Amino acid sequence: MGNRTQDGGLLQQNCRPEWPPWTCVAANVCGLCSTTLWFLVLLPQVWKNFRRKSVVGLSILWATANFTASLVNLCFVYGYAKIPLYGRINSVYMPILEFTILVQFWIYGDHYNKRHKIAYLIFCVCMWTTLLSLNLGLKLFPYIQWVAIGLWCVETFPQVFLNFKLRSTMGQSTRSVIIASIGKMTDFLSTYGLLMPIQYVVMIYFSSSVNYVNVIQVVWFHGRKPNFSRDEPPETVQYNEFRDGEADESSTAETNLLCSSNSGQPSLDFKTKRTIQYSLITLFTCFLGLFAYGIVWATDSYYAIFAPCTLVAVTVFAFLLYNRAWPSDSVV
């Protein structure tokens, strides 16, 4: 069993000795599927940004945390950790795509002040240089990796906050969100089905769970144009840039559904759509419960329950923070 754990074939890596052999194969297959999905996950988002020549609706903090964590993880994977092949492939490929999105923020981020963009660039370069120096110079791989885990734990929260603020997810590519949701599930199954470093166990819980919170937002806000603050007119470039053929089409469809009934009540189609939304939200909420159970089981500690409690607390805070600013839940 020990040899199978360390020196087996592609589908016999990092096996749990106490589990049947087929579980190791299945978990490694999930990992390979995850690798394939991560090769695709950001491509629709990159293309959407390019097509509309805008990154409005995306959080720059999300993009920065994503790339920074991947950069640290790249050092950890090749300088310290023993993880399956698919993990090593991902650790190289993902920073490339994530850096591409950061470049798009620089090119298309006209709604940001130019001096602020330059100052932010200098800050990021200094931060990345420091992290690389600590990893490559002092060989602090297992300690600096917790920086990556911390960033991956919170990376999607800025996007979640922004979505609640706008009451819209039009800035995100729906295709990327769908691919990510499948990828996070395969990540969870592979990580918790194999012997992986504790850093990865914690990281996969938070990254998967916060991603599914974002998925729930995409389901609920689907087709909605962003709400406008009383003190921020719709003509502002920050919101006026939401011009996307796919988004406009879906928004118009939902608006038509709302107004299609002669009795003034929502049409049957709209009620059906709401039923589908509630069903999907219930399903994704169950997945969140599965992730919470998984981290408690994998760490064998009830202290791990603080992880899902933190997730719920931050999400509720974000909802309440911006819910107070919008007196109605109308589609605009």
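Before reading on, note that the structure itself is shown above.
Residues numbered from 1 in each chain as written. Predicted model: local features only at pLDDT ≥ 70, side-chain atom pairs only at ≥ 80, totals over all residues. Heavy atoms only, no water.

A.B. asks: A description of the nonpolar core should follow, citing residues and the corresponding values.
C.D. replies: Y192, Y205, L288, F291, I295 and L311 are the most contacted members of the largest nonpolar core, which has 50 residues in total. Secondary structure elements with two or more residues in this core: helix 2 (21-40), helix 4 (60-79), helix 7 (141-154), helix 8 (157-166), helix 9 (174-193), helix 10 (198-220), helix 13 (268-299) and helix 14 (306-323). When residues in this core are grouped by element, the largest group, 14 residues, is from helix 10. In this view, L311 contacts F157, Y205, S209, V210, V213 and L288; residues no more than four positions away in its chain are not counted. If you look at the next biggest cluster of nonpolar residues, it comprises 23 residues, including V41, V46, L58 and L102. (Core = buried A, V, L, I, M, F, W, Y, C linked by side-chain atoms within 4.5 Å. Buried < 20%, exposed > 50% of the residue type's maximum accessible area, 1.4 Å probe, protein only. Helix = DSSP H or I, 4+ residues; strand = E, 2+ residues; numbered from the N terminus. Contact = heavy atoms within 4.5 Å.)

A.B. asks: Describe the packing of aromatic side chains, naming the residues involved and giving the relevant values.
C.D. replies: One pass over the full model with this rule turns up 18 aromatic pairs. Joined through ring pairs, the aromatic side chains of F188, Y192, Y212, F284, F287 and F291 make up one cluster. Against the face of W106 rests K117, its NZ or CZ located 5.0 Å from the ring centre. (Phe/Tyr/Trp six-rings, centres within 6.5 Å; stacked < 30°, edge-to-face > 60°. Lys NZ or Arg CZ within 6 Å of the ring centre and 35° of its normal.)

A.B. asks: I'd love a proper account of unusual backbone geometry, names of residues and values included.
C.D. replies: Positive phi, normally seen in glycine, also occurs at K53, with a value near 55°. As for its placement among the helices and strands, K53 is situated in the loop between helix 3 (43-52) and helix 4. Its relative accessible area of 42% is what places K53 among the partly exposed residues. We note that D300 has phi near 55°; this positive angle belongs to a residue other than glycine.

A.B. asks: An account of a nonpolar patch on the surface is requested, with residue identities and associated values reported.
C.D. replies: A grouping of F99, V103, W106, I107, I118, L121, I122 and V125 is seen on the molecular surface, where their side chains present a nonpolar patch of about 700 Å² in accessible area. Looking at the nonpolar patch, the elements that each hand over two or more residues are helix 5 (85-108) and helix 6 (114-136). As for its placement among the helices and strands, I118 is situated in helix 6. (Patch = residues over 30% accessible without salt bridge, like charges linked within 9 Å, V, L, I, M, F, W, Y side chains within 5 Å. Areas by Shrake-Rupley, 256 points an atom, 1.4 Å probe, with all protein chains shown as cover. Salt bridge = Lys/Arg side-chain N within 4 Å of Asp/Glu carboxyl O.)

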